[in-house]
Amino acid sequence: MDNALIQAGQNFKKGQEALKTGLFKWTKDYATASMYFEEAAKLYKQGRDMDNAIKSLNMCVETNEKMHDNWACARNVENIINILLEKNSEQVIPELLKQFDRAIYFFRLADSAINYVQVGTKVGRFLESCKRLDEAKEMYRRILELIEDDGIQHIKKDIQNSFVAVLVEQQRL
């Protein structure tokens, strides 16, 4: 077994231990757990164990959410999305869309709308590459609505261009 995977497993266990309480430890240590889960995710990714990397990042989201660190949650979800995109398989699309919803939620809480637009653009382009044009169109439409809601119209043009490109591609098919 690869050394990175062994270390990753050890870090994941340490993260779980930090979340346990007992006779002499009355509270869960979310900060320490988050640190270990994040390190485990990096090592799992390095060892090409993407499923455990995603599991570790989901644990990061949970611990960071307990600490009300919306920015960290958003970045962890973005990392999950990046891993799913690396898998480059149509089978990840349902999970990808679910994670994008989470990214929107946390980026908006963290007052960082530009980031969900960037992540959404990556997801939209992936959907286009898979010829899932209806879903890509819906993705871009939704981002445009959120841009309006969040008052960041200055970045609207790139999304509109992607949206129009999808519409043109659908007309060709």
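Draft legend 1. The side chain of Asn-11, seen in detail. Looking at where Asn-11 falls in the secondary structure, it is placed in helix H1 (residues 3-18). Excluding residues within four positions of it along the chain, Asn-11 makes contact with Tyr-36, Glu-39, Ala-40 and Leu-43.

Draft legend 2. View of unusual backbone geometry. Residue Arg-48 is not a glycine yet carries a positive backbone phi of 65 degrees. Within the fold, Arg-48 resides in the loop between helix H2 (30-46) and helix H3 (50-66).

Draft legend 3. Local environment of the pattern of salt bridges. One pass over the full model with this rule turns up 14 salt bridges. In this structure, the salt-bridge partner of Glu-86 is Lys-45, at a minimum N-O distance of 3.1 Å. Placement of Glu-86 in helix H4 (residues 70-87) and of Lys-45 in helix H2 is noted, with a sequence separation of 41 residues between them. Using a relative accessible area of 31% as the deciding quantity, one classes Lys-45 as partly exposed. With a closest N to O distance of 3.0 Å, Arg-75 and Glu-78 form a salt bridge. You can see Arg-75 and its partner Glu-78 sitting in helix H4, three residues apart, about one turn around the helix. Take Arg-75: its relative accessible area is 32%, and that puts it in the partly exposed class. By relative accessible area, which is 10% here, Glu-78 ends up buried.

Draft legend 4. Looking closely at the packing of helix H5 (residues 93-109) against helix H7 (residues 133-150). Between H5 and H7, the shortest axis-to-axis distance is 13 Å and the interhelical angle comes to 5 degrees. One way to sum up the angle between H5 and H7 is to call them roughly parallel. Together, Ile-93, Leu-97, Phe-100, Asp-101, Ile-104 and Arg-108 of H5 and Glu-135, Met-139, Arg-142, Ile-143, Leu-146, Asp-149 and Asp-150 of H7 make up the contact between the two elements.

Draft legend 5. Layout of the environment of Leu-97. Assignment of secondary structure puts Leu-97 in helix H5. Leu-97 sits 95 residues away from Asp-2 along the chain, and the two C-alpha atoms are 32 Å apart. If near-sequence neighbours (up to four positions away) are discounted, Leu-97 is found in contact with Val-123, Leu-127, Glu-135 and Met-139.

Draft legend 6. Here's a closer look at the environment of Ser-89. By the element assignment, Ser-89 lies in the loop between H4 and H5. When the C-alpha positions of Ser-89 and Ile-159 are compared, they lie 23 Å apart, and in sequence the two are 70 residues distant.

Draft legend 7. How the structure looks around H4. Spanning 18 residues, H4 covers 26 Å between terminal C-alpha atoms, matching the ideal 26 Å at 1.5 Å per step. Residues of H4 that are buried include every one of Ala-72, Cys-73, Ala-74, Asn-76, Val-77, Glu-78, Ile-80, Ile-81, Ile-83, Leu-84 and Leu-85, and no others. Looking at the buried positions of H4, the neighbouring elements they touch are H2, H3, H5 and helix H6 (113-129).

Draft legend 8. Quick peek at the packing of H4 against H5. Put simply, H4 and H5 touch, their axes get as near as 8 Å, and they point 155 degrees apart. Classified by the angle their axes make, H4 and H5 are roughly antiparallel. In the packing of H4 onto H5, the handedness of the crossing is left-handed. Between H4 and H5, the contacting residues are Asn-70, Trp-71, Cys-73, Ala-74, Arg-75, Val-77, Glu-78, Ile-80, Ile-81, Leu-84 and Leu-85 on the first element and Glu-95, Leu-96, Gln-99, Phe-100, Arg-102, Ala-103, Phe-106, Phe-107 and Leu-109 on the second. The residue makeup of the contact of H4 with H5, split by class, is 14 nonpolar, two polar and four charged.

Draft legend 9. Molecular detail of the nonpolar core. Counting residues in hydrophobic clusters, the biggest one holds 55 residues, and the most contacted among them are Ile-81, Tyr-116 and Val-117. Residue assignment for this core shows that the elements contributing at least two residues are H1, H2, H3, H4, H5, H6, H7 and helix H8 (156-172). Excluding residues within four positions of it along the chain, Val-117 makes contact with Ile-143, Ile-147, Ile-152, Ile-155 and Ile-159.

Analysis parameters
- Residues numbered from 1 in each chain as written.
- Predicted model: local features only at pLDDT ≥ 70, side-chain atom pairs only at ≥ 80, totals over all residues.
- Heavy atoms only, no water.
- Helix = DSSP H or I, 4+ residues; strand = E, 2+ residues; numbered from the N terminus.
- Contact = heavy atoms within 4.5 Å.
- Salt bridge = Lys/Arg side-chain N within 4 Å of Asp/Glu carboxyl O.
- Buried < 20%, exposed > 50% of the residue type's maximum accessible area, 1.4 Å probe, protein only.
- Axes fitted to C-alpha atoms, helices over the stretch in contact; angles between N-to-C directions.
- Parallel < 35°, antiparallel > 145°, perpendicular 65-115°, else oblique.
- Expected span 1.5 Å × (residues − 1).
- Left-handed = near helix turned anticlockwise from the far one by under 90°.
- Nonpolar A, V, L, I, M, F, W, Y, C, P; charged D, E, K, R; others polar.
- Core = buried A, V, L, I, M, F, W, Y, C linked by side-chain atoms within 4.5 Å.

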